[in-house]
Amino acid sequence: MKNRSINAAAIRNIAIIAHVDHGKTTLVDAMFKQCSIFRANQTVQERVLDSMELERERGITIAAKNCAVCWNGVRINIVDTPGHADFGGEVERALSMADGAILLVDCSEGPLPQTRFVLKKALEKGLRIIVVINKIDRKDMRAKEVLDEILDLFIDLDASDSQLEFPLLYAVGKSGIAQKTLTETGKDLAPLFEMIIEEIPSPVIGSDPEFSILVSDIGYSDYLGRLIIGKIYSGSVHPQDNVVCIKEDGVRINSRVTKVQLYDGLNLVEVQEANAGEIVVLFGIAEAFIGDTVASPLGKPLARLRVDEPTVVMKFGANTSPFAGQAGKLVQSARIKERLESEALRNVAIQVGEAEEKETYLVKGRGEFQLAILIETMRRQGYELTVGRAEVILKRVNGKLCEPIENLFIDCDEAFLGIVTEKLSMRKGRLMNLVNKGFGRVRAEFSIPSRGLIGYRDDFMTDTKGTGIMNSLFAGYEEHRGDFPTRWNGSLVSDRAGVAVAYGLFHLEPRGRLFVSPQDRVYEGMVIGEYNKETDIEVNPCKEKKLTNMRAAGKDDNIILRPIKPLTLEEALHFLAEDELLEVTPKAIRIRKAILSSVERRSAKSKSMKKIVNDS
């Protein structure tokens, strides 16, 4: 491929969009196999595009990825997009490289909230949509009803007349089968490839002969430095070409392309020329960021890539607990800042700024889950850090205090609807729609402040006995709905440093739910459990049994504790109170008070109360 040139008419750039777990990554696996991307005897893992460890563990796509296949002489560039609204920045920049999209919908579940989110973005960009109803081999398949729901969704999202007349296929992605009707028997994915070539338009080429490309993604190479990824809008590019990087403020920075690569399956191959319409990887442009334009010296800037603004903020800082530096390799605040800034460069939905406290940073994102993924990734990379409770970003509109509002979609058994509605109403949620089709499960839609969802997911799973499904979608800003309790239980706080013992923990079990086990090390100010009451209480988990020379019946009975379920990162983030921090290390997750000393905590609380009285 070193000396090849492809006409734009023989290129198709498509994005695959779907709700979480509707099978888009599995479908791409089948497309690879049928286009002979893999050798006949090659061992290939499932969901090959889910290359990140967290993606394979959770079964979701977190980062958008590029790949390419060839079918009957047509090059099809594929962008696998995340299906979760918290990774909306990934969706938006991925769609900037596409000229059409495949909407994948589960034939039983139908279009769900994240389907609405990614489809809305695609329709707003005017992309041609191919609808694929997937998993038609399911026993609970209801393809006809799902098709009606998809039509209703298109209408609800103000799709144009041409977008409403979408081409339709039925598929079993796991088996690599696509067919035009439910009655026929599919053999392979040929109908899907043919429909992509027929229905998805070739890339629109700019009239300007000068080379220009919008930077949609960036990466790094240990040997060649920064690389940029994007679709060429006009002209062509070659190695050693002189180019300029056009920043947001119009500043032009001279640079030179050192290497040009294109996608071939999952791999990158070096070429001597890339033309308009192709998705390309360029090396040597160190100054480029996502949204910038890279062009020939006489080229003009393209419209910048815009994404929805962040709605949630968290504080990140160095680990300052007594156990700091014992588990991680990267503990300095400067290294944490460097890592966060690197993430902001790669992810347009992340913003990083300085906090009021020294060596503390404010990280803004699209949702609590997005920031939790960032924290987990840093933890696995060897970082030690502390993070605060997630807080929503408030702003004033026409002089009124406004807050982000979510559309919350609940799917649960009918018997649990009462407790779910009660809990959500306490968090200022409003029931907007309720559908009960008489099958024992109901679907409810609520309008609720984003802050009302922080920490609610654990309660929801408990209330629905693990059978409920909960999805949310950012709806915009509305007037502040007033205060409400964020947590109904206090914390069990260790009053000393030491090692937790079974005797001490046994006598603390009646007070609440414990987070630590015998032989776990603790320190003063560490939260070791959830208290049954609203207030916090200081306890001694290191208390040992007194030794005497007296013996009595039952004196030496074994102490049996209830099993301790370790907190996951998300559960710990949900549990945090305003005066607490989460200590995150590669080996442990601990909840602690922001002020460890009990004396200093009481002093700070007293000063805060005096300030409130004086201000009033």
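Bear in mind the structure is a predicted one, so any value in this text is a computation, not a measurement.

Details of the nonpolar core
One recurring pattern in soluble globular proteins: nonpolar side chains tend to sit buried together.
Step number 1: The biggest cluster of nonpolar side chains holds 42 residues, and the ones touching the most others in it are L119, I129, V131, I133 and F154.
Step number 2: The dominant element in this core, judged by the number of residues it contributes, is helix α5 (residues 143–156), at six residues.
Step number 3: The residues contacting I133, other than those within four sequence positions of it, are V105, C107, A143, V146, L147, I150, L168, L169, Y170 and A171.

Re the pattern of salt bridges
Step number 1: Enumeration over the complete set of coordinates arrives at 29 salt bridges.
Step number 2: As a salt-bridge pair, D99 and K231 come within 2.8 Å of each other at their nearest N and O atoms. Within this pair, whereas D99 is found in the loop between α3 (88–95) and β4 (100–106), its partner K231 is found in strand β10 (residues 225–234), the two being separated by 132 residues in sequence. No difference in accessibility class separates D99 from K231, as the two residues are buried.
Step number 3: A cluster of three or more residues bridged by salt bridges with shared partners is formed by D106, K135, R138 and D140.

A short note on the layout of surface pockets
Step number 1: Considered as a void within the structure, the second largest pocket measures approximately 890 Å³ in volume.
Step number 2: Lining of the second largest pocket is provided by 26 residues; of these, D536, A577, D579, K593 and K605 occupy positions nearest its centre.
Step number 3: Those elements giving two or more residues to the lining of the second largest pocket turn out to be β34 (537–539) and α15 (598–615).
Step number 4: Among the elements that make up the lining of the second largest pocket, the one with the highest residue count is α15 (five residues).

Focus on helix α8 (residues 333–346)
Step number 1: Between its first and last C-alpha, α8 extends 20 Å over 14 residues, near the 20 Å set by a 1.5 Å rise per residue.
Step number 2: Of all the positions in α8, only S333, I336, R339, L340 and E343 are classed as buried. Angularly, the buried residues of α8 cover 125° about the axis, an arc narrow enough to put them on a single face. Looking at α8, the residues exposed on the side facing more than 90 degrees away from the buried face are A334 and E338.
Step number 3: Tucked into the core, α8 has its buried residues touching β19 (312–317), β20 (351–354), β21 (360–365), α9 (368–380) and β22 (385–388).

Structural notes on the confidence of the model for the chain
Step number 1: The pLDDT averaged across the chain works out to 82; a share of 88% of its residues lies at or above 70.
Step number 2: Of the regions scoring below 50 in pLDDT, residues 38–52 engages in 34 contacts with residues more than four places distant in sequence or in other chains.
Step number 3: In the predicted structure, residues 54–62 sits below a pLDDT of 50 and forms 38 contacts with residues beyond four places in sequence or in another chain.

Examining the environment of P449
Step number 1: Relative to the helices and strands, P449 is located in strand β27 (residues 441–449).
Step number 2: The buried category is assigned to P449, whose relative accessible area is 0%.
Step number 3: For P449 and G476, which are 27 residues apart along the polypeptide, the C-alpha to C-alpha distance reads 9.9 Å.

Thoughts on the packing of aromatic side chains
Step number 1: Counted under the stated rule, the structure contains five aromatic pairs.
Step number 2: With 5.1 Å between their ring centres and 90° between their planes, F323 and Y523 make a pair best called edge-to-face. Placement of the pair is F323 in the loop between β19 and α8 and Y523 in the loop between β32 (521–522) and β33 (526–531), with a sequence separation of 200 residues.
Step number 3: Since its relative accessible area comes to 8%, F323 is described here as buried.
Step number 4: A relative accessible area of 1% places Y523 in the buried class.
Step number 5: For the pair F515 and F575, a centre-to-centre distance of 5.2 Å together with 85° between the ring planes defines the contact as edge-to-face. Within this pair, whereas F515 is found in the loop between β31 (512–514) and β32, its partner F575 is found in helix α14 (residues 569–575), the two being separated by 60 residues in sequence.

Some points on the side chain of R389
Step number 1: Within the secondary structure, R389 sits in the loop between β22 and β23 (391–392).
Step number 2: Buried R389, no salt bridge; nearest opposite-charge side chain is E578, N-O distance 5.8 Å.
Step number 3: Among all residues touching R389, those that are not within four sequence positions of it are V313, M314, I454, T486, H574, L576, A577, E578 and E580.

Reading guide: rules and limits
Residues numbered from 1 in each chain as written. Predicted model: local features only at pLDDT ≥ 70, side-chain atom pairs only at ≥ 80, totals over all residues. Heavy atoms only, no water. Core = buried A, V, L, I, M, F, W, Y, C linked by side-chain atoms within 4.5 Å. Buried < 20%, exposed > 50% of the residue type's maximum accessible area, 1.4 Å probe, protein only. Helix = DSSP H or I, 4+ residues; strand = E, 2+ residues; numbered from the N terminus. Contact = heavy atoms within 4.5 Å. Salt bridge = Lys/Arg side-chain N within 4 Å of Asp/Glu carboxyl O. 1 Å grid on protein atoms, 1.4 Å probe; cavity = no way out; pocket = protein on both sides within 12 Å on 5 of 7 lines; lining within 4 Å. Points joined across faces, edges and corners; volume = space filled by probe spheres on them. Expected span 1.5 Å × (residues − 1). Arc of directions from axis to C-beta. pLDDT = per-residue confidence, 0-100. Phe/Tyr/Trp six-rings, centres within 6.5 Å; stacked < 30°, edge-to-face > 60°. Lys, Arg positive; Asp, Glu negative; His and termini not counted.

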